[in-house]
Amino acid sequence: MANQLLIKNTMQEMRNLSAEEIAGLQGTTPIYSGVKLLGYYKEGDTPEPIMYYLSSIDPVPDDVDSFVQYP
């Protein structure tokens, strides 16, 4: 498994991941183990970076804000 994180400064950058970046998170030999988000609206506006990892779990209604879904 990959041990390198893809780093994004804002949630907007994370929502705009390129097809290449998404592919780097998927597959049998991923390049990235997850995404490290440095802030929500701007870098540093969260108490600490937020880590996101690829999951096959569908979010339940109460957790929908904890997931970022891509087609």
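Figured I'd write up the structure that's included with this text.

Parameters at a glance
- Residues numbered from 1 in each chain as written.
- Predicted model: local features only at pLDDT ≥ 70, side-chain atom pairs only at ≥ 80, totals over all residues.
- Heavy atoms only, no water.
- Helix = DSSP H or I, 4+ residues; strand = E, 2+ residues; numbered from the N terminus.
- Buried < 20%, exposed > 50% of the residue type's maximum accessible area, 1.4 Å probe, protein only.
- Contact = heavy atoms within 4.5 Å.
- Core = buried A, V, L, I, M, F, W, Y, C linked by side-chain atoms within 4.5 Å.

## Focus on the overall build of the chain
When helices and strands are tallied, the chain shows two helices and three strands. When its helices and strands are written in sequence order, the chain yields β-α-α-β-β. Across the 71 residues in the chain, those meeting the buried criterion constitute 30%. Across the chain, the fraction of contacts at a sequence separation of at least 24, relative to all contacts at a separation of at least 6, is 57%.

## Comments concerning the side chain of Lys-8
Among the structural elements, Lys-8 can be located in strand β1 (residues 4–8). When residues no more than four places from it in sequence are discounted, the contact partners of Lys-8 are Glu-13, Met-14, Leu-17, Glu-21, Val-35, Lys-36, Leu-37 and Leu-38.

## Regarding the nonpolar core
Counting residues in each nonpolar core, the largest one holds 10 residues, listed as Leu-6, Met-11, Met-14, Leu-17, Ile-22, Leu-25, Tyr-32, Val-35, Leu-37 and Tyr-52. Of all the elements in the fold, those that place two or more residues in this core are α1 (11–15), α2 (19–25) and β2 (32–37). Of all the elements, β2 adds the most residues to this core, at three residues. Sequence-distant contacts of Val-35, defined by excluding residues within four places in its chain, comprise Leu-5, Leu-6, Lys-8, Met-14, Leu-25, Ile-50, Met-51 and Tyr-52.

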